[in-house]
Structure formats: structure tokens, C-alpha cells
Amino acid sequence: MTTFQRRMAEWRLPALRRAALWVPQWFSKVAISDSPREVAMAFPHLQQPSFLLASLKTDSINKPFAQRCQDLVKVIEDFPAKELHTIFPWLVESIFGSLDGILVGWNLRCLQGRVNPIEYSIAMEFLDPGGPMMKLVYKLQAEDYKFDFPVSYLPGPVKASIQEHVLPDSPLYHNKIQFPPTGGLSLNLALNPFEYYIFFFALSLITQKPLPVSLHVRTSDCAYFILVDRYLSWFLPTEGSVPPPLSSSLGGVSPSPAPRTPAMPFASYGLHHTSLLKRHLSHQTSVNADPASHEIWRSETLLQVFVEMWLHHYSLEMYQKMQSPHAKLEVLHYRLSVSSALHSPAQPSLQALHAYQVLTAPVLFLILPHGEAFTPTEEHVLVVRLLLKHLHAFANSLKPEQASPSAHSHATSPLEEFKRAAVPRFVQQKLYLFLQHCFGHWPLDASFRAVLEMWLSYLQPWRYAPEKQAQSSDSQPRCVSEKWAPFVQENLLMYTKLFVGFLNRALRTDLVSPKNALMVFRVAKVFAQPNLAEMIQKGEQLFLEPELVIPHRQHRLFTAPTFTSSFLSPWPPAVTDASFKVKSHVYSLEGQDCKYTPMFGPEIRTLVLRLAQLITQAKQTAKSISDQCVDSPSSRSFLSWLGFCPVDANSSYTANDLDEMGQDSVRKTDEYLEKALEYLRQIFRLSEAQLTQLTLALGATQDENGKKQLPDCIVGEDGLILTPLGRYQIINGLRRFEIEYQGDSELQPIRSYEIASLVRALFWLSSAINRRFAGQMVALCSRHDFLGSFCRYHLTEPALANRHLLSPVGRRQVASQARGPRLSLRFLGSYRTLLSLLLAFFVASLFCVGPLPCALLLLLGYLLYAMAMTLLTERGKLHQP
């Protein structure tokens, strides 16, 4: 019998007797047969009720993970709740880590089945919704234990609200605030075991440190991600009802700690702020609450905790202040004051420029209170997307007769009511603020794909409906049914304002990148689904519809108009009801003084046309990069290095991820952009003539078969001046100027294919020869016979006269750059020249040709080549005009 089993067998003895059996082995000199009084005198500290906790802490250090989990399972099964409640907070923290992020616990975010299969299977079995850990939760739940949770670790807006003595709108915090004793500073929430466990589970995604970049962990394979999916499937079932608590099968009953009473319906969530004390008293749970609500209290708690911990990091009040014109004016005044403080009056032009930039810059920041600067990670976004996808499936699992409006008037179960209210009442507002922050602050790189897919998943609830339509054989997207029109209208800002936010991001990204092109394609494809654009446009029309003052307006009780209605009524009551819903949605998120920009209005249409321009330009740039890759393949670089192919010393090439991924990525980029352009044309009804005109206006004329394009610029007095579009093209690597070295070829920087010391020695030698024989070389090059042509071919630079000096300053200095005949020996300092000579000597040695005869043969061959080139050069000059 092991030490642990002996402890289990003797647990029913008196407390002091049990303590004697729990001592470590090095206390074995105390006999078990000693009386409890002797044991108490020898070890008074063992009388503390936390001895089980101390023993488990010791085992957590000395025992392997599998053995520890087996011991925990036995403890949960054999010990009473009175003993288990002392270890529960430590156990939860040891699993999910500490709230300050110092302790990582079991590190579920990195635990993967393919890397650590044994530990993974043990942890998943222990933390499963039907596993031992949840059995411990329900065991403590039956005894009505409470555990303190510090308010300081709650999301920023919730913490600030509670600290200001205002109870948050979410019912999750009602009747749970624990006021500190006299002189105390810390506020706590009194949570039941289930709430305490889910709080820690949800916050472990936020509080733990981000995973290092060097650690490649696929989020969808880690234990935490899979546990979230299991908990959602268990407590928010798409089929059947929520499984009963495990403790009920053991004979106990797990009561509902805070059932939703009829006096607190779903529709009342989100009322105005009141005093914390008043709301604390007014939301006391009735003892005679509806027993049917016990069915879903765990489902409500799970969803509210997930939404609060993962999404509620940006307050609605602060967001509306940022959107109001008054706040924007205050921010501009603040920036102007900073500008005037930074720049002295002696710099009026610089100050004016800075002030102009301040006035035209978007309002991207405010002096936010503590907690508003939360930055989500890609892992965080992926988990939120999993939540949204499951919520759509959960809400769409209502039967057609339950989802119909007439079903509201009949008796419905709490679970059915919860399915209808889950997304609009709990998720919509906080998700909108979360997405707005991500769209405005996420880096302009490919990692934004996670945010994009989360947004697109929320916009398409029909993808998670049980009655999915079959895809047509011609791969055309299926039409969005009219039954989804209420969802589109009640989430209008999710479609329109966030689409504008994505447009602004797309206009600042490099669309030549396949990953960025894919994101534009994904958004265009989703919004181009048949009938979706019409639904969005209908929602905008309802919002922009003038207010109709109707006495005794009861928006939920309007009936359809009859044929006997007066023709003077311009808006039927049903349409007015829909208009009221859309307006209440917009005003609740953006505030009453918001300025709405229609998605299909002229301003957004202008942005779409700009994006179409950039898409066309990016396609041309990708094609030119592809052509450059074809013209200079890697197989040719070795021959160029050997000197058999010419190498352009002035060539420059702009780096792009296309270079690393090859022709397949070029093909994908072109395909994504082509389809995205077609989808945009369908959404905004752009004509082919408009797209053709945009292509011509873009200045897409190419020279040299489309291989070279200059950035967009205008001609000024001193030459070319970049336009804002030209700056964008250069910054994103879409176009470039051809940079050429126009100085003395002997003084250009030493190349990587040259020997530095040899180049310097040859330059010194050639300079000495040029100084010594300068007069003789000028005389020889002045001759008009074959010898003069032969000397001019070797001692002058024919390319100097053909260079295009782009700089106006260079044109004025061209006269001073004229150089006379000179000898250049720099070519002998090249690796490829020396290797070519060595290769020639090696081949000659194979044919028994010595070094001296080989050198004479090379010299003779070069003289014949030079004579031929001299004759061709002179003949070319005779045919020039």
C-alpha cells in the first residue's frame, strides 16, 4: 500500500489522528499508536485545516504530472467538500496560472497532443466538462461555498466602473461585490465555484505572457483551444439541452446561485448607470425564482464570462466620446498645443506643416484611462472567432417554429429564449468595439488575417445554419436568403463601418504581397454574395429614412398595413418598426450625434475606385516582377559570375515576398486581385468603362514591354516631383526609379565579386601609367586610321556619352565630367576574371600546353576579338545620323 492510499484509508479517523498519518516519512519516530494529545503536543501546526493543501503542494514538486493527476482524482472522489474547498483556489491557480502571469500553471496554450501525447490526454481528461475537475466544482457548488476574486484583475472598463462605485451593466457582477472592511483598499467578487473556475479559465488567455515568436504553436491544436470548444459544445448545445450537473448523479443537487428572475428579462440588460449600492440592493435574487431558469444558469455564466474577459476591454462611453465631433475637436486642440510647444516661432514653415498634418491626421488616440490600452494577440483573436462560430450555430439551432416571431408570445423554455438573446444582448456591442480597436490599431501585416476571418465569420451566420444550401455546380456563391435581412439590419455597422475601416487599411498595404491580396479577395468575395449588398443597402435606407413622429409608438406591436389604410401614410408601420431597430442599433453604438457615412454613398465609392486603381497597379507590378524573374533565373547567375553573361553593376531590385515564393505566388496574387476586382465591380456596380478609364488614368503605360515603370510624378522646374501616389508606390515597393552610377567608373565602390586589395593595387598601377603616358594616349586616340580606332576602343568610355543624367544638377556638371583617354585594369581584380584565366590554363595543361604558350594564345585571341569589335564599332558610327 502506497503512502497516498494509506492516507485515503485513514481519513475517517479524528482530525489529530489523521494528522499523525499525514506526516512525511522523516517524522516516522512518532508512532501511529500515540494518543491524539501526544501528537497535538508534538506537532501543533498539523492541526491547521490546510494540511491537505500543504501535502498536495509538496506532491506537485516531487511527483510527475501523471501521478499528480491520479492523486487529485482520488482526493476529489474520497474527500468531503469541507476539506476540498481549502484546496480549490490553489488547484485552479496551479492549472491555469496566476492572474499576474508569473505562474504559468499547466501551460495549456502550449500543450499539444502531437508533441506531448501523454500529458495532453491526461490534462484533457481531467479538465473535460464531464471530468474530475468539473466534478469537484459541482461538489463544492452543492455546499454553496464562495471564493474571493480580486476586482483589480478584471478588464479595464469593468474595474474602473466598480472602483467608481457604479455597478457594471452585465448581470454577471450583480449581487457579487464584496465591499472592503473599514480601511481596506481591495475590492473582491464573491464567486461560486463554477464562476470562479470559469473566470480563471477565461482570463488565462489574457493574463499569461504571449508565446515567444520562436515557439511555433498551432493554436487550433493546443489544449486550451480544444477545451474552449468542448466547454462551448457542452454548455451551449446545438442539439438537446444542457447536461445536468455531475453532482446530481452522485445524489447531490447543484443549485442555481443566481437564476435570472422574471423581473430581470434579457431585454433589460444594458440600462443606464445607477449607484452601486442602489443596484446592489435592487438586483437581489429572489428566493422564489423560476425553477426553469436553473436549467441554463451555467450556460449564461459561461457565455457572459467569455464575453466579459475576452471582449470587454474598451468601454462604450469612451468609444462614443472618441467618435463625437466635440472630442475630436478637443484632440485637435491638444495636438496643436503640443505642436506649438515642440516648435519654436523661429520655424514658421515647419510649424505650419506640422499643424496641417495634425489637422488632417485621423483621430487614432486619446488620453485613455487605465485599462483602455489593451492589445489582443493573434491567439486571442482565434479563440474569439471560435466563440463566434459556435454562437451562430447555437442561435441557429432553434427550430423554425421556435425562431418565428409568433413563438415569442407562447411559452418557451429558458434555453430557447437564451438562444435568441445570446448574440444581440451579450456579444454584439462588445464585439463591435473590439473589432473597431483591432481595425484601427493592428499592424499592417499579414497577421491581420486572424482579425479579418473573425469579422467575416460574424458577418455570415448563414454558414453555420443547419439548413445549409448545396453549392451550385458552377461554383457560383449561393444567394443569401431574405430570412437573414433582420440580422443584417440589426448589425448594420458591422457590415458598413468596418468595411470602410478595411478599405482604409487596404489602401495602405502592399497588394503585391500574396497574403495581402488574399485578404482583399476574401472580403470582396464575402460582400459579393448574391443579395447581401442589396440587404445592406436596404438597411442603410432604413437608417437614413426621416424620422416619422407617430403618437403612442409601440414599435414591437406594429401590424402590417391593410388595403384600407390611408394613402397619406408614407411609411407602413412594419417598415417604420424596422427603421426604428436599425436606428436604435446605430445610435446605441455610435451615440446620438454620430455622423454616418453610407457604404454606397459617393465618399466610399471614391475609396473603392482608389482601391481598384491600386489593384490594377499591383497586378502590373506583380507581372513585371515575374518577368524579371524569368529574364534572370538563378541558373544564369553562375554564368554571369564567370563572365559569360553581362552583369549590370547599376541594377537594383526591390525586395518583395514574391521573390521568396516564386512564380506560383505571382500566379496566386494575380488570381486573387483579378477576382477581387470583379467582386468589387459587382458590389458597387462599377462599369467596365470606369475600370478601363481608371487604368488609363493610373499612368499604366509601360516601356520595354512592361518591365520598367517610373513612380507617379509631375514635371517641375527642377525636374520630376513625386506625387502622394508616387510616394506610396515607392514605400510599398510597387515602383522605383532606375538608379545608375554616373560617376567615375574607376572610383565606384568595390563590389562583392572583386578582391579589394587587388582592385586598389590595380587602380594605383593604372593611375601611374595614365599619368606617365597621358600625352601619348591622347595622340594615339586622335588618329583617324585603324590604329586610332583601336586605341579609342580600349582607352575611352563609349557609354559615358549615352548616359541619361536625370538630375538637373548633373546636367550642369556634365561638362566637368569629361575625361580623356586612360587605361583601366580594374577588370583583373574580379573573381570571375581570375577564375576564367585559371580555368583556361587548366584546360591548356590537359593538352600539354605550358603557361607561356597559353598566355600567348589568349593574347592573340583577344587581339583578334578586339580588332573585330573595332571594325564593328567604326561601321556603326558611319551609319549613325
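As shown above, the structure is provided for reference.
## Overview of the pattern of salt bridges
Part 1 of the argument: Under the criterion given, the structure shown has 16 salt bridges.
Part 2 of the argument: Note that Lys675 is salt-bridged to Glu671, the shortest N-O span being 3.3 Å. Here Lys675 and its partner Glu671 are both found in helix α31 (residues 663–683), four residues apart, which amounts to about one turn of the helix.
Part 3 of the argument: Given a relative accessible area of 38%, Lys675 falls into the partly exposed group.

## Some words on the pairing of strand β1 (residues 147–150)
Part 1 of the argument: Of the two faces of β1, the one lined by Phe147 and Phe149 is fully buried and the one lined by Asp148 and Pro150 carries no buried residue.
Part 2 of the argument: Where β1 meets strand β3 (residues 188–191), four bridges bridge the pair, whose relative direction is antiparallel. Along β3, the bridge assignment pairs Phe149 with Leu189.

## A look at the sheet that holds β3
Part 1 of the argument: Here we have three strands laid out as an open sheet, ordered β1-β3-β2, and antiparallel in their pairing. Edge positions in the open sheet fall to β1 and β2 (177–178), since each of these has one partner strand only.

## Description of empty space enclosed by the protein
Part 1 of the argument: Per the stated rule, a full pass over the model turns up five cavities of 30 Å³ or more.
Part 2 of the argument: The calculated volume of the second largest cavity comes to roughly 90 Å³.
Part 3 of the argument: Along its surface, the second largest cavity is lined by Leu444, Asp445, Phe448, Phe502, Arg505, Ala506, Thr509, Leu511, Asn516, Met519 and Val520.
Part 4 of the argument: The set of elements that each furnish at least two residues to the lining of the second largest cavity consists of α24 (492–506) and α25 (514–527).
Part 5 of the argument: Across the lining of the second largest cavity, the residue classes tally to seven nonpolar, two polar and two charged.

## A few points about a nonpolar patch on the surface
Part 1 of the argument: A cluster of nonpolar side chains, namely Phe786, Leu860, Leu864, Met867 and Leu871, defines an oily patch on the protein surface of about 480 Å² accessible area.
Part 2 of the argument: If you tally residues by element for the nonpolar patch, the top one is helix α39 (residues 851–879), at four residues.
Part 3 of the argument: Following the sequence through the fold, Leu864 ends up in helix α39.
Part 4 of the argument: Residue Leu864 is classed as exposed on the basis of its relative accessible area, which comes to 54%.

Each value, and the rule that gives it
Residues numbered from 1 in each chain as written. Predicted model: local features only at pLDDT ≥ 70, side-chain atom pairs only at ≥ 80, totals over all residues. Heavy atoms only, no water. Salt bridge = Lys/Arg side-chain N within 4 Å of Asp/Glu carboxyl O. Helix = DSSP H or I, 4+ residues; strand = E, 2+ residues; numbered from the N terminus. Buried < 20%, exposed > 50% of the residue type's maximum accessible area, 1.4 Å probe, protein only. Pairing = 2+ DSSP bridges. 1 Å grid on protein atoms, 1.4 Å probe; cavity = no way out; pocket = protein on both sides within 12 Å on 5 of 7 lines; lining within 4 Å. Points joined across faces, edges and corners; volume = space filled by probe spheres on them. Nonpolar A, V, L, I, M, F, W, Y, C, P; charged D, E, K, R; others polar. Patch = residues over 30% accessible without salt bridge, like charges linked within 9 Å, V, L, I, M, F, W, Y side chains within 5 Å. Areas by Shrake-Rupley, 256 points an atom, 1.4 Å probe, with all protein chains shown as cover.

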